[in-house]
Structures are given as C-alpha cells and as structure tokens.
Amino acid sequence: MRTRFAGWSAEEIATALEQLERWRDRVLDGAQIDVGETVADVGAGTGLLALGAVERVGPDGDVFALDISVDALEELRRNTTAPNISYLIGRADILPLPDESVDAILTRSVLIYVDDKAEAAREFQRVLRSGGRASLYEPINSRNLLLSQAVDFSPLGDLGDRLRVWNEAFYANRDDPMLNFDETDLERFFVEAGFRDVRVELGADEHQVQGDRYLTQVGAPGRPTLLERWREAFSDDEAQTLEVFLRDRTITVRFPHAFLSASKA
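Each residue is numbered by its place in its chain's sequence as written, counting from 1. With pLDDT at 70 or above as the cut-off, local features in this predicted model cover only qualifying residues; side-chain atom pairs require 80 or more to be listed or tallied, and sums for whole chains, interfaces and linings still use all residues. Values shown for side chains rest on all heavy atoms present in the structure; no hydrogens or waters enter the calculation.

Draft legend 1. Structural context of the overall build of the chain. If you tally the helices and strands in the chain, you get 10 helices and 7 strands. For the radius of gyration, the atoms used are the C-alpha atoms, and the globule rule reads 2.2 Å times the number of residues raised to 0.38. Taken over the C-alpha trace, the chain has a radius of gyration of 20 Å; the compact-globule value for 265 residues is 18 Å, and the two agree within 12%. Put simply, the chain has 265 residues, and 48% of those count as buried. In the chain, of all internal contacts separated by at least 6 residues, the share reaching a separation of at least 24 is 75%. With residues, only the protein chains shown are counted as cover, and all accessible areas are computed by Shrake-Rupley using a 1.4 Å probe. Of the roughly 13300 Å² of accessible surface on the chain, a fraction of 46% belongs to carbon and sulfur atoms. Strands are runs of DSSP state E lasting at least 2 residues, helices are runs of H or I lasting at least 4, and numbering of each runs from the N terminus. Accessible area is worked out with a 1.4 Å probe on protein chains only. A residue is then buried under 20% of its type maximum, exposed over 50%, and partly exposed in between. Here, two residues are considered to be in contact whenever any of their heavy atoms come within 4.5 Å of each other.

Draft legend 2. The arrangement of helix H9 (residues 226-233) in detail. Of the residues making up H9, those classed as buried are Leu-226, Leu-227, Arg-229 and Trp-230. Buried residues of H9, viewed axially, fall in a sector of 160°; they line one side. In the core, the buried residues of H9 are packed alongside helix H5 (147-150), helix H6 (158-171), helix H8 (211-216) and helix H10 (236-247). What the arc describes is the spread of directions from the helix axis to the C-beta atoms.

Draft legend 3. Structural detail: unusual backbone geometry. Positioned with a positive phi, Gln-32 is a non-glycine residue whose angle comes to about 50°. Structurally, Gln-32 is set in the loop between helix H1 (10-31) and strand S1 (38-42). The exposure class assigned to Gln-32 is partly exposed, which follows from its relative accessible area of 49%. We note that Glu-100 has phi near 50°; this positive angle belongs to a residue other than glycine. Examined against the element boundaries, Glu-100 turns out to sit in the loop between strand S3 (85-89) and strand S4 (102-108).

Draft legend 4. Inspection of the packing of H6 against H10 at higher detail. The N-to-C vectors of H6 and H10 enclose an angle of 85°; their axes lie 11 Å apart at closest approach. Viewed along their axes, H6 and H10 adopt a mutual orientation that is roughly perpendicular. Counted together, Leu-159, Arg-162 and Leu-163 of H6 and Glu-238, Thr-241 and Leu-242 of H10 form the full contact between these two elements. Angles here are taken between N-to-C directions and fall from 0 to 180 degrees, while the axes themselves are lines fitted to C-alpha atoms, restricted in helices to the stretch in contact. Here the angle decides the label: under 35 degrees means roughly parallel, over 145 means roughly antiparallel, 65 to 115 means roughly perpendicular, and every other value means oblique.

Draft legend 5. Expanded view of the environment of Val-209. Mapped onto the secondary structure, Val-209 falls in strand S6 (residues 196-210). With 41 residues separating them in the primary sequence, Val-209 and Thr-250 have C-alpha atoms 5.7 Å apart. Once residues within four sequence positions are removed from consideration, Val-209 is found in contact with Tyr-214, Gln-217, Arg-249, Thr-250, Ile-251 and Val-253.

Draft legend 6. Molecular detail of the packing of aromatic side chains. Only the six-membered ring of Trp is used, alongside the rings of Phe and Tyr, when aromatic pairs are assigned; centres must lie within 6.5 Å, and planes under 30 degrees apart are stacked while those over 60 apart are edge-to-face, with the rest tilted. Counted according to the given criterion, the structure contains 8 aromatic pairs. Look at Trp-23 and Tyr-137: their rings are 4.5 Å apart centre to centre, the planes differ by 25°, and that puts the pair in the stacked class. In this pair, Trp-23 is assigned in helix H1 and Tyr-137 in strand S5 (residues 128-139), connecting sequence segments 114 residues apart. The exposure classification of Trp-23 matches that of Tyr-137, with both residues buried.

Draft legend 7. How the structure looks around the sheet that holds S4. By this definition, two strands are paired if DSSP reports at least two bridges between them. What the 7 strands build is an open sheet, ordered S3-S2-S1-S4-S5-S7-S6; its pairing is mixed. Because the sheet does not close on itself, it has two edges, and the strands there are S3 and S6. Going across the sheet, the axis of each strand differs from the next one's by a mean of 15°, ignoring polarity. Pairing between S4 and S5: 6 bridges, direction parallel.

Draft legend 8. Spotlight on the environment of Ala-121. Tracing the sequence through the fold places Ala-121 in helix H4 (residues 117-127). Among the residues examined, Ala-121 registers a relative accessible area of 1% and is labelled buried. Residues Ala-121 and Gln-217, spaced 96 residues apart in sequence, show a C-alpha to C-alpha distance of 31 Å. Once residues lying within four places of it in the same chain are set aside, the contact partners of Ala-121 are Phe-189, Phe-190, Ala-193 and Phe-195.

Draft legend 9. Quick look at the side chain of Asp-93. Mapped onto the secondary structure, Asp-93 falls in the loop between S3 and S4. Accessibility expressed as a relative area gives 13% for Asp-93, which makes it buried. When neighbours within four sequence positions are excluded, Asp-93 is seen to be in contact with Val-114, Asp-116, Glu-119, Ala-120 and Glu-123.

Draft legend 10. Here's a closer look at the pairing of strand S7 (residues 250-263). The buried fraction of S7 is high, at 10 of 14 residues. Pairing of S5 with S7, which is carried by 7 bridges, proceeds in the antiparallel orientation. Bridging from a neighbouring strand, Tyr-137 pairs with Phe-259 of S7.

See the structure below:
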C-alpha cells in the first residue's frame, strides 16, 4: 500500500481507499455470507476481505486468511484481535484446506498472479461444501487502454513507431499471467470446474494520470515501472526522449475489471 500510493495526495489516497471498500463490499455481497459460516479469503494480504468476512460470519463463524506472504499475514494478525481468524500459508492453485471444508471463497486481484487459473477454479470447487459460493474481483489487464492508444507518439517518428510496436507486443505476451486472460476466460474456468450460476460483470475504472506518475507508479508488487521497462527495452537516449515526451502530459487510463460469482451444486 505504501509503495502503491507513494507521491499521492491525501485526497487521492482517500478516493482510492473508498474504491477499495466498494470493491470489498461487492465481493462480500457476491459470496452471500451467512452468520456462522466458514469463509476462506484466498490471497488475503493484509486482510481487506478477511476482516469484512469476520463481521459477516459473526462470533460463531470462522475465517481462513490464506496468503503466500508470511509478512502480509503477520501484519494482518497485528492489526486485528478477532479470535476466529486462522492464518494459512498457501497458493490459490494449491489450497491447504480439506475437501468440502468451507462455505464461501473470496479473492481480490489474486488470480492475475496465478499461472494455472483453471486449476485454481478446480481447487475452489474442491474445498467448497455443497451450496458453497465463490466471489472474486480481478483486473482484466489484457483489455487496458494501451499507452500508445491514449497518447500520439507520431511526433517522435521512428522511435514513436517502435514504442507502439513494443507496447502492443507487451500486452500480447501470453506467458504473463497478468495478461493472458479476459473475462470470458474467467467464466470458462469456473464453468469447466463444475460451478453453476456463474455470473461475470465487466466494469472499468477510467481516470487521468499525470505523466510523471505514469512513468514511475507501481502497478503491482514486484513489477517494474514503465520507466524501468523503457530503460531495458530502448537505448539510454531513446528512453530519455520518451520520458521527456510523456512526463508533462495528462494521460487517460482505463483499467477494466470483472466481478465473478458462482456456486457449487
């Protein structure tokens, strides 16, 4: 969170947090959680969904907060005194849970990190009880508005043409788990895993970003910034030319996302 919001104003951070809360509530609502149920937050991080689930299951319910990061789970544990949260190390495609052990599975922006998303859907199906529900939110990065579509780089001549080709090739990389799927793939994974009543709703977050932030913002943990990618893909002089060209511009960005809900027979 601190890295993601570096350089943001207090107003911008507040707006972003309000949006996260709306997404949280949408995922929780999609899971139709009842008091006393057992819920698994897969890819819990520092607990945005898990803490919301605790409120909904009440003192007689249980919540499993599962993540690959020990540090994230330790931070979550420091920030709550809820006695009915259990902390588990694990991945979405290899869940450390018994068959038919939970009533609902929640996840937010997690499958984009998973190479085998179909296997994750099968794991969700395995650990859910009959009548259990899955509810998730995922960015659909493959449908993002490309920078080369939002900004006219033609004044840069050949360099602008090569930037456009590079940008299109980047988004066409099927080996990148963040880019190799769309909302129709998500729906197919869950249908083929045996879920029923699979519902997908596509939306988009569109706003404007200043060029200097666009160059240096961190989209996801561990991912390089655009400027770092440019410095790797182009010569030093070319990367500097692109940086100067973009730095003082205002750029329209559009990030599509999908909410999916499904149930187990």
